[in-house]
Amino acid sequence: APDADGGHALRVVLNEVTESKRTEEAFGMAALVYQYSFEAMMIDITEKKLLEQKLELGRQRYSPLVESSSDGIITVDQDQTIKIMNESARKIFGVTDDTMVGEHLSRFIPQRSRDKHSQQVDSFRKSDVNVRPMELRSPVYGLRTDGSEVELEVTISKIKVGDEIEMTALMRDV
């Protein structure tokens, strides 16, 4: 029956055309989704680059002030990793180079005070207080690289940088 074969052949061709159309539509939708995703990524990257440029301008503006301060300045992140340590702070602690960035702050805290200090930093980070003179509680001591201790007058502050909290200590050797 030629009609049956011809009808069968027509159905096969129609099915292939329908499948081809569905595939084309699926690819078209995938390309559209990809295009929007790509555009969104470009916007994110552009915003990030602008923020990086602003951050660099801020560094250029304030870095000389921080570095030339007669007060020691140390900035740490929420994990107490040192982000900034100026020349005066390096002198207070007997550091001879600027390799302390990336080190943990605990290396400058006497062993007997480390647990308490860590808890106090965490508590301050979570509090609503943004500035606190530390010496009001009790004397504050730091640990020099030679193992000797130094009494300090310290004020700490915190700021939010992106999604992180950074804390900065201004200190003087008393």
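In this report, the structure presented in the accompanying data block is examined. Treat the numbers as computed from the prediction; the structure is a model and nothing was measured.

Quick word on the overall build of the chain
If you tally the helices and strands in the chain, you get three helices and six strands. Taking all 174 residues of the chain together, 25% fall into the buried category. Across the chain, the fraction of contacts at a sequence separation of at least 24, relative to all contacts at a separation of at least 6, is 42%. About 12400 Å² of surface is accessible on the chain, with carbon and sulfur atoms providing 55% of the total.

Section: the packing of aromatic side chains
If you walk through the whole model with that rule in mind, you get one aromatic pair. Taking 4.7 Å as the distance between ring centres and 50 degrees as the angle between the ring planes, the aromatic pair formed by F93 and F108 counts as tilted. Taken together, the positions of F93 in helix 2 (residues 87-93) and F108 in the loop between helix 2 and helix 3 (114-126) put the pair 15 residues apart, joining distant regions of the chain. We classify F108 as buried; its relative accessible area is 2%. The lysine or arginine in question, K158, covers the ring of F124, its NZ or CZ lying 5.2 Å from the ring centre.

Re the environment of E153
Turning to its location among the elements, E153 is positioned in strand 5 (residues 149-161). It is 5.5 Å that separates the C-alpha atoms of E153 and M171, two residues lying 18 residues apart in sequence.

Some points on the nonpolar core
Among the nonpolar cores identified, the biggest contains 22 residues, and I74, M85, F93 and M171 are the most heavily contacted of them. Those elements giving two or more residues to this core turn out to be strand 1 (72-76), strand 2 (82-85), helix 2, helix 3, strand 5 and strand 6 (164-173). Not counting the four nearest positions on each side in its chain, F93 is found in contact with I74, M85, F108, G142, L143, R144, T145, L152 and M171.

Some remarks on the pattern of salt bridges
This structure, assessed with the given rule, holds eleven salt bridges. Connected through salt bridges with shared partners, the residues E67, E87 and R90 form a single ionic network.

Remarks on the layout of surface pockets
The space that makes up the largest pocket amounts to roughly 850 Å³. Together, 21 residues line the largest pocket, and R59, T75, K83, I84 and E166 are the ones closest to its centre. Breaking the lining of the largest pocket down by element, the ones donating at least two residues are helix 1 (2-68), strand 1, strand 2, strand 5 and strand 6. Here the element with the most residues in the lining of the largest pocket is helix 1; it accounts for seven residues. Residue classes in the lining of the largest pocket are distributed as ten nonpolar, four polar and seven charged.

Thresholds applied
Residues numbered from 1 in each chain as written. Predicted model: local features only at pLDDT ≥ 70, side-chain atom pairs only at ≥ 80, totals over all residues. Heavy atoms only, no water. Helix = DSSP H or I, 4+ residues; strand = E, 2+ residues; numbered from the N terminus. Buried < 20%, exposed > 50% of the residue type's maximum accessible area, 1.4 Å probe, protein only. Contact = heavy atoms within 4.5 Å. Areas by Shrake-Rupley, 256 points an atom, 1.4 Å probe, with all protein chains shown as cover. Phe/Tyr/Trp six-rings, centres within 6.5 Å; stacked < 30°, edge-to-face > 60°. Lys NZ or Arg CZ within 6 Å of the ring centre and 35° of its normal. Core = buried A, V, L, I, M, F, W, Y, C linked by side-chain atoms within 4.5 Å. Salt bridge = Lys/Arg side-chain N within 4 Å of Asp/Glu carboxyl O. 1 Å grid on protein atoms, 1.4 Å probe; cavity = no way out; pocket = protein on both sides within 12 Å on 5 of 7 lines; lining within 4 Å. Points joined across faces, edges and corners; volume = space filled by probe spheres on them. Nonpolar A, V, L, I, M, F, W, Y, C, P; charged D, E, K, R; others polar.

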